[in-house]
Amino acid sequence: MDYRKSAKEILEAIGGKENLASAAHCSTRLRLIIGDNSKIDQETLENIDVVKGVFESAGQLQIIIGGGTVNKVYNEFIVLADIEGSSKDELKEAAAKKQNVFKRLIKTLGDVFVPILPAIVAGGLIMGIMEALNFMSSNGMLSLSTDGYVFTIFKLLSNAAFTFLPILIGYSATKVFGGNPYLGAVIGMFLIHPDLQNAWTISAGYERTFSILGFYDVPMVGYQGHVIPIIIASFILAKLEKKLHKIVPDVIDMFVTPLVSLTLTAFSVYTFIGPVFSAFENGLITGVQNLITLPFGIGSFIMGGLYSTTVVGGIHHMYTVIDIGQLAKYGVTYWLPLASAANMAQGAACLAVAIKSKNNKMRSMAYPSALSCMLGITEPAIFGVNLRLIKPFIFGSIGGACGAMVCSILNLGATATGVTGIFAILLTLNHPVKYIISMSVAMAVAFVLTFLFGTNSPEIKNAKKSEKSEKSEELIDESV
């Protein structure tokens, strides 16, 4: 293969080096920041032999090439473009600058929660296993002491991340906002201090309140399970800290800046931020729950159908707030199974395209993209195949709606967030059959509709005579 020729064709198709701001690559894709997207010749780009798919995500033009090849094309590409290569993180920062305020806000939420997710997933998996074992033990299916040492240790470990969630979020959010993450962790500790009334006991009334200038009373209650107040507090803390670093003399900066930052943030949290944003968060979580629990699964049907569209819009990262909020309030998230149904349905629609297509290039992209989608990485299937052909995307959305409706009817909840698709069954070990039924409905509807009515595009029906069969490349990598 002539990698230089392929790199030259790609460079010409995107509008030349004058239209290129930055370039990087991951294990399977060339990731570019483009100056003017209107100058891209999409059709020419997609028909280049080495290119298996093209889509835009998170402000980046992502060109699917495949593992083992993309790095060779990239090396030739940056020479021809006369630019220095960028890292994946540097490219993300450059892409973020091109996005509007709303998308930057959504990206920030993603940056806050992504480092925390492994702890939440691990705790949720243990919790799911514990519930399954407890169910089997209580129904005589398994002889197990739930009061023993091992079971007790696992029980403590399973909810540790959720119990001290404000500390994790405080550390991560303050770091994202450019402040000292340890100060953020202190604010998180402050919000769940043992001297405060536990948030889970407020149904019996507030034990202690303080009057603020006679205008309103502030309850001295902890913020266990709340997400938004600690994020806002971390933002204020980071801004105060950075401002103070600029004006406080170096000789006393180490003492004055942390003291003033923490004090002002603590008082602002309990005087205004906490009461206002905890009420907002409670309203949001309750509203979402009321929607997705409407009779006959109508609300979930609507949201399951729209979920993939929000992925296209890049706003799906904000759903982590809903997931974690529901986990804190209900012990499970009813949103994650809905999202999982939508992803599985898009994967099934992509699989139908792969099976029905006579185009070798389309098949080589659709098969691995379908698997990737069913494992939770949706962008290759959605942007590279389904949305490009339109009908598979629509039928995938319909399948997601049907699967989400079944999730609601079966009252299916997951014990953690961060994992969708096939492996999300590990988060529903207390109700695995319900999960299998819901996902099967989503996939069956999407696959059948796409196979029968969504594969009549010339791009699917026509095989390119000059095209050689290409080996399917593994596309499973982090896409945002």
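Look up a bit, the structure's there.
Residues numbered from 1 in each chain as written. Predicted model: local features only at pLDDT ≥ 70, side-chain atom pairs only at ≥ 80, totals over all residues. Heavy atoms only, no water.

1. Considering the overall build of the protein
- What the protein contains, in helices and strands, is 19 helices and six strands.
- Computed over its C-alpha atoms, the radius of gyration of the protein comes to 25 Å, within 12% of the 23 Å expected for a compact globule of 480 residues.
- A principal-axis box enclosing the C-alpha atoms of the protein has dimensions of 80 × 70 × 45 Å.
- Within the protein, the proportion of its 480 residues that are buried is 49%.
- For the protein, contacts bridging at least 24 residues in sequence account for 75% of all contacts bridging at least 6. (Helix = DSSP H or I, 4+ residues; strand = E, 2+ residues; numbered from the N terminus. Rg over C-alpha atoms; globule rule 2.2 N^0.38 Å. Buried < 20%, exposed > 50% of the residue type's maximum accessible area, 1.4 Å probe, protein only. Contact = heavy atoms within 4.5 Å.)

2. Concerning the environment of valine 221
- Here valine 221 is to be found in the loop between β6 (216-219) and α10 (228-247).
- In this structure the C-alpha to C-alpha distance between valine 221 and threonine 201, which are 20 residues apart in sequence, comes to 9.2 Å.

3. Observations regarding helix α7 (residues 149-163)
- The end-to-end C-alpha separation of α7 is 20 Å, in line with the 21 Å expected for 15 residues at 1.5 Å each.
- When we look at burial in α7, the residues that qualify are Phe151, Ser158, Ala161 and Phe162. The buried residues of α7 occupy an angular sector of 125° when projected down its axis, which confines them to one face. Opposite the buried face of α7, at more than 90 degrees from it, the exposed residues are Tyr149 and Leu156.
- Where α7 is buried, its residues contact α6 (117-138), α8 (165-176) and α13 (319-330). (Expected span 1.5 Å × (residues − 1). Arc of directions from axis to C-beta.)

4. A short note on the pattern of salt bridges
- Per the counting criterion, the structure on display carries three salt bridges.
- A salt bridge links arginine 4 to glutamate 76; the nearest nitrogen and oxygen atoms lie 3.0 Å apart. Pair noted here: arginine 4 is in helix α1 (residues 3-13) and glutamate 76 is in helix α3 (residues 70-81), with a separation of 72 residues, a long-range link.
- The class for arginine 4 is partly exposed, based on a relative accessible area of 43%.
- The shortest N-O distance in the salt bridge between lysine 5 and glutamate 9 comes to 2.7 Å. Within this pair, lysine 5 and its partner glutamate 9 are both found in helix α1, separated by four residues, close to a single helical turn.
- The class of lysine 5 is partly exposed, set by a relative accessible area of 45%. (Salt bridge = Lys/Arg side-chain N within 4 Å of Asp/Glu carboxyl O.)

5. Considerations on the nonpolar core
- Counting 47 residues, the largest nonpolar core has Phe113, Ile120, Leu165, Ile169, Val227, Ile231 and Tyr270 as the members making the most contacts within it.
- Once you skip the residues sitting within four places of it in the chain, isoleucine 231 turns out to touch Leu109, Phe113, Ile169 and Phe177.
- Counting residues in hydrophobic clusters, the runner-up holds 31 residues, among them Leu338, Ala339, Met365 and Ala381. (Core = buried A, V, L, I, M, F, W, Y, C linked by side-chain atoms within 4.5 Å.)

6. Section: the pairing of strand β1 (residues 20-25)
- Alignment of β1 against strand β2 (residues 29-34), held across five bridges, turns out to be antiparallel. Residue pairing for β2: serine 22 is matched across the bridge by isoleucine 33.
- The loop that links β1 with its antiparallel partner β2 comprises three residues. (Pairing = 2+ DSSP bridges.)

7. Digging into unusual backbone geometry
- We note that aspartate 82 has phi near 60°; this positive angle belongs to a residue other than glycine.
- Structurally, aspartate 82 is set in the loop between α3 and α4 (88-98).
- Positive phi, normally seen in glycine, also occurs at asparagine 411, with a value near 55°.
- Within the secondary structure layout, asparagine 411 lies in the loop between α17 (391-409) and α18 (432-453).
- Taking the relative accessible area as the measure of exposure, asparagine 411 reaches 47% and is therefore partly exposed.

8. Regarding the pairing of strand β5 (residues 209-212)
- By the bridge criterion, four bridges tie β5 to β6 in an arrangement that is antiparallel. From the neighbouring strand, isoleucine 212 faces β6, where its bridge partner is tyrosine 216.

9. Considering a positive patch on the surface
- Residues Lys239, Lys242, Lys243 and Lys246 make up a contiguous surface patch of positive charge.
- Relative to the helices and strands, lysine 246 resides in helix α10.
- Given the relative accessible area of 73%, lysine 246 is considered exposed. (Patch = residues over 30% accessible without salt bridge, like charges linked within 9 Å, V, L, I, M, F, W, Y side chains within 5 Å. Areas by Shrake-Rupley, 256 points an atom, 1.4 Å probe, with all protein chains shown as cover. Lys, Arg positive; Asp, Glu negative; His and termini not counted. Charge placed at Lys NZ, Arg CZ, Asp CG, Glu CD.)

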